[in-house]
Every structure is written in structure tokens, then in C-alpha cells.
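Secondary and tertiary structure notes
Listed here are the chains, written in short residue letters.
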Amino acid sequence: MPIEFIGIASTQRFSETGAASGPVVDPGYLTELALAHEESGFDRVLVAHSSASPDGFTVADQILNRTTRLGVLLAHRPGFVAPTLTARKYATLDAFHPGRVALHVITGGDDADQARDGDLSDKPTRYRRTDEFLDVVRKEWESAEPFDYEGEFYTVRGGYSSVRPADPIPVYFGGASGDAVRVGGKHADVYAFWGEPLAGIAERIRQVRAAASPYGRDPRFSVSLRPIPAATEAEAWRRAEDVLRLTKEKAGEVRKAFNLDHTAQEGSRRLLEYAAKGDVHDKRLWTAVAKVTGAAGNSTALVGSYEQVAESLLDYVGLGVSTLLIRGFSPLEDARDYGSLVRLVREQTDGAALTGAAAV
């Protein structure tokens with residue numbers, strides 16, 4: 001199966017190693033970052049979401065208009081926009097940019113971040129709502145005739161969309177809790193994991209496959225990692241130590257900027273458990289940054305020469321992973337540099353990029 005590479009989009013220069021600089025929405029930086037990913041051979045970039053983020057649909061549209069091939073993985077948090085309207089928004093983007101749009105469903109693990117947008121529901125309730133939300137989204141995309149839907153959270157009478165995707169829009173799904181696996185197993189075309197050791201990813205793949213099997217689904221899998229490559233292994237570890245030093249120096253600023261509490265998230269808990277057992281797992285999975293940041297987001301790295309990091313990425317592919325979401329601690333510079341990793345991995349698989357409707 002072709003390997004899909006996903007990077008990260010941002011409207012502002014920012015990472016764990018440095019405070020945000022420039023305006024919150026810097027069109028020039030977004031363009032530069034998107035073009036760097038396209039030139040390095042990435043298939044998509046993730047447009048992330050939080051209660052303080054710029055509007056993702058606008059950002060995604062800007063990326064699609066400023067590139068020729070690059071796709072977007074547009075994150076969406078169910079519960080704030082009606083599923084019928086959400087489906088039409090995605091379908092409209094896809095109509096203008098066929099095959100370049102994917103939906104990343106993030107139910108939301110931080111109660112405080114939910115409350116900032118007015119949602120006071122608890123986590124189990126949010127996952128029940130996400131389940132219904134995706135039921136309705138699929139119907140809006142697929143139904144050539146008006147449909148009705150009756151649920152706990154959504155009631156639709158005569159739902160219908162005049163704009164429907166010609167090819168299915170892939171649904172990516174993230175979450176590590178039991179509720180996440182249950183709902184994601186039912187709906188996900190691609191199930192996304194943070195960068196755990198190989199044994200942890202193998203375990204999670206088995207869990208999701210078991211949850212998907214009753215629905216006749218066979219999802220693909222994604223792993224998110226933070227590569228730190230260099231010409232030699234020794235140089236890569238020097239880079240890693242610089243990343244750790246800067247992260248420690250900026251930890252307070254980063255926590256304030258993210259304004260998120262990851263302590264209730266199962267994915268963060270798992271990363272911190274691995275970090276407590278040691279800084280390095282498998283060949284070169286490095287957990288020190290996760291320990292410093294409280295595993296805020298995908299924060300585990302692969303450290304080594306370009307060839308060694310590519311080898312470790314291929315170890316995940318060997319488990320059944322076909323999407324690699326990689327982003328660096330210097331987002332723009334690393335997006336340019338990662339072209340070497342993309343080429344090395346594809347040289348050892350089938351050499352093809354995975355884009356658009358072929359990603360389903």
C-alpha cells in the first residue's frame with residue numbers, strides 16, 4: 001500500500017522550542033509552509049483545531065488555493081456546527097478541490113477547552129454525540145434522496161444536499177479511550193495514533209480492528225511523530241539535546257499558548273507512562289520532550305541519521321501503518337528538510353504518494 005505523508009499547517013510561526021512570532025494569521029508564512037510541504041512530497045497538511053484557533057475552513061481553503069497538489073486534513077470538533085451543514089462545507093471544499101480534502105474528527109478530551117466554546121458536556125456524552133454526528137454526515141454525503149434521522153442529539157427531517165463528493169471524503173479519527181476506539185472503529189477510514197513504541201501501536205491496531213470488524217470496516221492507521229534527523233546519529237542527538245533545552249526554557253510560554261489540559265486525555269497518559277519508563281524506546285523513539293510538555297499533543301521523536309529515522313518509520317509501516325504524520329520542532333525548516341525522509345521511505349515501499357480519494 002502506498003505510504004501517505006502528512007505535515008502540519010499553521011498561520012503563525014510557533015513550536016515547543018520557541019514563542020509565537022508575528023501576527024496570529026500571517027498569510028505569507030502559511031503560504032511558505034504549505035509550499036514547503038508540497039515541494040517535499042507530502043500528501044496533506046493537518047489543519048488543527050482548538051477553541052482559540054483561527055477558523056480551519058478558511059485556513060484550509062487558503063492552502064488549497066495556494067498549492068496545486070497538496071491536500072488538507074481538516075480537523076473538526078463535533079457539537080458546534082450541525083452535521084448536515086458540516087457535511088456540505090466539506091463537500092463544497094471538495095467540489096472546488098476534488099480529492100484534496102479529508103475530515104479529521106477530534107471529539108475533544110479537554111473539558112475546559114470545550115467549555116470555552118460553550119460545550120459543558122462530559123467526555124462520554126461527547127463520544128455518543130460524535131457517533132450520531134458521523135452517521136448524519138455520511139447520510140448527507142451519500143443520500144441521493146431526502147433522509148430522516150432520529151437520535152439522542154440530532155434530529156433531521158428531509159435532510160438533503162445538492163453538493164455531494166464524487167468520491168468519498170476520507171474520515172480520520174483520533175482518540176485513545178475506550179469510547180474513542182468504539183466510535184472510531186465504527187466510522188474511521190484512518191485511525192490516528194500518537195507516537196508510541198512499536199508494541200503499543202501493535203496493541204492499539206488490534207483494538208481498533210476488533211472494534212471495526214462488526215461493522216465490516218477495515219481502517220488504515222496513522223502514527224504521529226516528531227523526527228529529528230541529521231547527517232549522522234551523533235549530530236542528530238546534539239540537535240535533540242538543543243530541542244530539549246529550548247523546550248524546557250519555553251515550557252511555561254508553550255503551556256500558556258496551548259491553554260489546554262492534557263491530563264485527562266488517554267493518549268497523553270499513555271505517552272507519559274512510556275516516558276516514565278525511559279527516554280528511549282525501540283531503536284530511537286525519544287520521549288524526553290513528552291515528559292517536559294506533559295505529552296501535550298504528539299510529542300515523541302525519532303532521533304538518528306536520515307537513514308536510521310527512515311528505517312524506524314518503516315518499522316511502523318511493518319505493523320500496518322500507512323499514514324505517517326511527521327512534523328518538526330522548527331516547522332518550516334523541517335518541512336523542507338523532511339523531503340529526504342519522504343524519499344527514503346518511498347524508495348523502500350512502492351515509491352507512490354497516497355492522495356485524494358485513493359486514501360480511502
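Refer to the structure above for everything that follows.
First, a word on scope: everything that follows refers to the structure included in this document. Along each chain, numbering runs from 1 in the same order as the chain's sequence is written. In keeping with the model being predicted, local features are shown solely for residues with a pLDDT of at least 70 and side-chain atom pairs are shown and tallied solely at 80 or more, while totals for entire chains, interfaces and linings include all residues. The side-chain values count all of the structure's non-hydrogen atoms but skip hydrogen atoms and water molecules.

1. A short note on the packing of helix 1 (residues 27-39) against helix 2 (residues 56-66)
It is the contact of helix 1 with helix 2, at a shortest axis distance of 10 Å, that shows an interaxial angle of 55°. One finds that helix 1 runs oblique with respect to helix 2. With respect to the hand of their crossing, helix 1 and helix 2 are arranged in right-handed fashion. For the pair helix 1 and helix 2, contact is made by Pro27, Leu30, Thr31, Ala34 and Leu35 and by Val59, Gln62, Ile63 and Arg66, respectively. Axis angles are defined between N-to-C directions and span 0 to 180 degrees, where every axis is a line fitted to C-alpha atoms and, for a helix, only to the segment in contact. Every helix listed is a DSSP run of H or I at least four residues long, and every strand listed is a run of E at least two residues long, numbered separately from the N terminus. By the definition adopted for this analysis, an angle is roughly parallel if under 35 degrees, roughly antiparallel if over 145, roughly perpendicular if from 65 to 115, and oblique otherwise. Definitions for this section: a left-handed crossing has its near helix turned counterclockwise from the far helix by less than a right angle. A right-handed crossing has that turn clockwise. Throughout, a contact is declared for two residues whenever any of their heavy atoms are within 4.5 Å.

2. Here we look at the side chain of Arg284
Looking at where Arg284 falls in the secondary structure, it is placed in the loop between strand 12 (280-281) and strand 13 (285-286). Given the relative accessible area of 8%, Arg284 is considered buried. Side-chain polar atoms of Arg284 contact the backbone oxygen of Gln308, separated by 3.1 Å. Within the local environment of Arg284, its side chain forms a polar contact with the side chain of Ser312, the two groups lying 2.9 Å apart. If we skip the residues at most four places from it in the chain, Arg284 touches Ala301, Leu302, Val303, Gly304, Gln308, Val309, Glu311 and Ser312. Exposure classes here rest on a 1.4 Å probe applied to the protein chains alone. A residue is buried below 20% of its type maximum, exposed above 50%, and partly exposed in between. Under this definition, polar contacts are N or O atom pairs within 3.5 Å; protein pairs additionally need one hydrogen-donor-capable and one acceptor-capable atom, and for neighbouring residues in sequence, both atoms have to be side-chain atoms.

3. Topic: the pattern of salt bridges
A side-chain nitrogen of Lys or Arg and a carboxyl oxygen of Asp or Glu constitute a salt bridge if their distance falls within 4 Å. A full pass over the atoms with the stated rule returns 27 salt bridges. Where Glu273 meets Arg269, a salt bridge forms, and the shortest distance between an N and an O atom there is 2.2 Å. One end of the pair, Glu273, and the other, Arg269, are both in helix 9 (residues 266-277), four residues apart, so they sit about a helical turn from each other. A residue is classified by how much of its surface remains accessible, and Glu273, at 40% relative accessible area, is partly exposed. Several salt bridges converge on common partners, so that one network encompasses Lys283, Arg284, Glu311 and Asp315.

4. With respect to the packing of aromatic side chains
In this description, a pair of aromatic rings is defined by centroid distance and the angle of the planes. Stacked, edge-to-face and tilted are the three classes for Phe, Tyr and Trp ring pairs, Trp counted by its six-membered ring, which pair at centre distances within 6.5 Å; planes under 30 degrees apart are stacked, over 60 edge-to-face, the rest tilted. Following the criterion strictly, the structure yields seven aromatic pairs and no others. Considering the side-chain rings of Phe193 and Phe221, the 5.8 Å spacing of their centres and the 10° angle between planes classify their relative orientation as stacked. Taken together, the positions of Phe193 in strand 10 (residues 190-194) and Phe221 in strand 11 (residues 220-230) put the pair 28 residues apart, joining distant regions of the chain. Taken together, Phe173, Tyr191, Phe193 and Phe221 form an aromatic cluster joined through their ring pairs. We call a charge positioned over a ring when the NZ of a Lys or the CZ of an Arg lies within 6 Å of the ring centre and within 35 degrees of the ring normal. Looking at Arg226, its charged tip hangs above the ring of Phe329, at a distance of 4.1 Å from the centre.

5. What about the pairing of strand 4 (residues 44-47)?
On strand 4, burial covers both faces: Arg44 and Leu46 on one face and Val45 and Val47 on the other are all buried. Between any two strands, at least two bridges found by DSSP are needed for them to pair. Two strands pair when backbone bridges link them, and strand 1 (residues 4-8) and strand 4 are joined in this way by three bridges, in the parallel orientation. Of the residues in strand 4, the one forming a bridge with Ile8 is Leu46. Note that strand 4 and strand 5 (residues 71-76) share four bridges and pair parallel. Each bridged residue has a counterpart across the sheet, and for Leu46 the counterpart in strand 5 is Leu73. Note on handedness: a crossover is taken as right-handed if, strands pointing away from the viewer, the path from the first strand over the helix to the second is clockwise. In the classification by handedness, the crossover that spans strand 4, the intervening helix 2 and the parallel strand 5 is right-handed.

6. Quick word on helix 5 (residues 123-142)
Any helix carries an expected span of 1.5 Å times its number of residues minus one. Taking 1.5 Å of rise per residue, 20 residues should cover 28 Å, and helix 5 covers 29 Å from first to last C-alpha, within 8% of that figure. Helix 5 sits mainly inside the fold: 14 of its 20 residues count as buried.

7. Focus: the environment of Glu333
Looking at where Glu333 falls in the secondary structure, it is placed in helix 12 (residues 331-337). Residue classification places Glu333 among the partly exposed positions, given a relative accessible area of 38%. Once the C-alpha coordinates of Glu333 and Gly118 are considered, the two residues, 215 residues apart in sequence, prove to be 37 Å apart. There is a polar contact of 3.3 Å between the side chain of Glu333 and the side chain of Arg13.

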